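# Architecture at a glance
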Amino acid sequence: TQTAMIMALSMGLVPEEHRERIRADLKKKLEARNWHMDTGFVGTYYLCQTLTDNGMADIAYTLLLNEDFPSWLYEVNMGATTIWERWNSVLPNGLVSDTGMNSMNHYAYGSVVEWMYRGMCGLNPVAEHPGFVRARIAPHTDARLGWARCEYDSAAGRYVSGWRLTGSHAEYELEIPFGCEAEFIPDHGGETVSVNGTDTPLENGRLTLRSGSYRIIADC
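Model, not experiment: these values are computed from the prediction. (Residues numbered from 1 in each chain as written. Predicted model: local features only at pLDDT ≥ 70, side-chain atom pairs only at ≥ 80, totals over all residues. Heavy atoms only, no water.)

## Remarks on the overall build of the protein
Along the backbone of the protein there are 7 helices and 8 strands. Relative to the 2.2 N^0.38 estimate, which gives 17 Å for 220 residues, the radius of gyration of the protein is 19 Å and therefore close to what a compact globule would have. When its C-alpha atoms are laid out on the principal axes, the protein stretches across 60 × 40 × 40 Å. Out of the 220 residues in the protein, the part that is buried amounts to 44%. (Helix = DSSP H or I, 4+ residues; strand = E, 2+ residues; numbered from the N terminus. Rg over C-alpha atoms; globule rule 2.2 N^0.38 Å. Buried < 20%, exposed > 50% of the residue type's maximum accessible area, 1.4 Å probe, protein only.)

What follows is the structure, encoded as structure tokens:
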């Protein structure tokens, strides 16, 4: 199942020599469902982040942007302002499903918003440095969305991570709070990027940023 493979990849249960096969099998499972999920409470939480961590961020975006059942935007298009307990809590005819245990405000599927912060905008704490005093910022951009931006008030202060695709460039907006440090890994770019108007070389595809505000431009 999609959930079984997602969980195995996410929790490191797949031996390294088999990970590529599991990734390929998972992709086939999703394709067989016309790029829709069939995960429940357990698998959905891990779904988009695990896809992103395994080189399939484009599929995670597809799942997010689908508008037909089952999907998040199906619910939005049906007038939802909260995430339902079931993908079809409200039927296409507008009637509430007669399925039992049918909450209209359920966190399990709404956890996709965490992926918007961690995957889409790429903002993650570094576990070895408690309190978010060090972060890893690795956004995953997608032309279908065009731009994204998040703010997070951590124990160490406010982080901002945003991106916008403009023609041949990706523009990143970052804010690192006082006394903190972030490793920034752009989704685009060659050996150099523009940091606040100054050409700056990347070191192994990344930058170390200290407290401050940054506008970073990279070639797409």
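## Description of the packing of helix 4 (residues 57-65) against helix 7 (residues 112-120)
Contact pair helix 4 / helix 7: the axes reach a minimum separation of 12 Å and the direction vectors enclose 145 degrees. Handedness of the crossing formed by helix 4 with helix 7: left-handed. Counting all contacts with helix 4, which are made through A60, Y61 and L64, the residues of helix 7 involved are V112, W115, M116 and M120. Its residues placed into classes, the contact of helix 4 with helix 7 shows 7 nonpolar, no polar and no charged. (Axes fitted to C-alpha atoms, helices over the stretch in contact; angles between N-to-C directions. Left-handed = near helix turned anticlockwise from the far one by under 90°. Contact = heavy atoms within 4.5 Å. Nonpolar A, V, L, I, M, F, W, Y, C, P; charged D, E, K, R; others polar.)

## Section: the packing of aromatic side chains
In this structure the tally under the stated criterion is 10 aromatic pairs. Ring geometry for F41 against Y109: centres 5.2 Å apart, planes inclined by 70 degrees, an arrangement best described as edge-to-face. You can see F41 sitting in helix 3 (residues 41-53) and its partner Y109 sitting in helix 6 (residues 107-110), a full 68 residues away along the chain. Taken together, the ring pairs connect F41, W72, W87 and Y109 into an aromatic cluster. (Phe/Tyr/Trp six-rings, centres within 6.5 Å; stacked < 30°, edge-to-face > 60°.)

## What to know about empty space enclosed by the protein
Inspection of every chain in the model, using the stated rule, returns 1 cavity of 30 Å³ or more. Considered as a void within the structure, the largest cavity measures approximately 30 Å³ in volume. Contributions of two or more residues to the lining of the largest cavity are made by helix 3 and helix 7. At 4 residues, helix 3 tops the list of elements feeding residues into the lining of the largest cavity. Looking at the lining of the largest cavity, its residues break down into 4 nonpolar, 3 polar and no charged. (1 Å grid on protein atoms, 1.4 Å probe; cavity = no way out; pocket = protein on both sides within 12 Å on 5 of 7 lines; lining within 4 Å. Points joined across faces, edges and corners; volume = space filled by probe spheres on them.)

## Comments concerning the pairing of strand 6 (residues 192-195)
Each regular strand displays side chains that alternate between the two surfaces of the sheet. Relative to strand 7 (residues 198-201), strand 6 is paired through 4 bridges, and the arrangement is antiparallel. Bridged to S194 within strand 7 is D199. Taking the residues between adjacent antiparallel strands as the criterion, strand 6 and strand 7 are bridged by 2 residues, where N196 takes a positive phi near 50 degrees. Of the pairings in the sheet, the one linking strand 6 to strand 8 (residues 207-219) comprises 2 bridges and is antiparallel in character. Bridge pairing links S194 to I217 in strand 8. (Pairing = 2+ DSSP bridges.)

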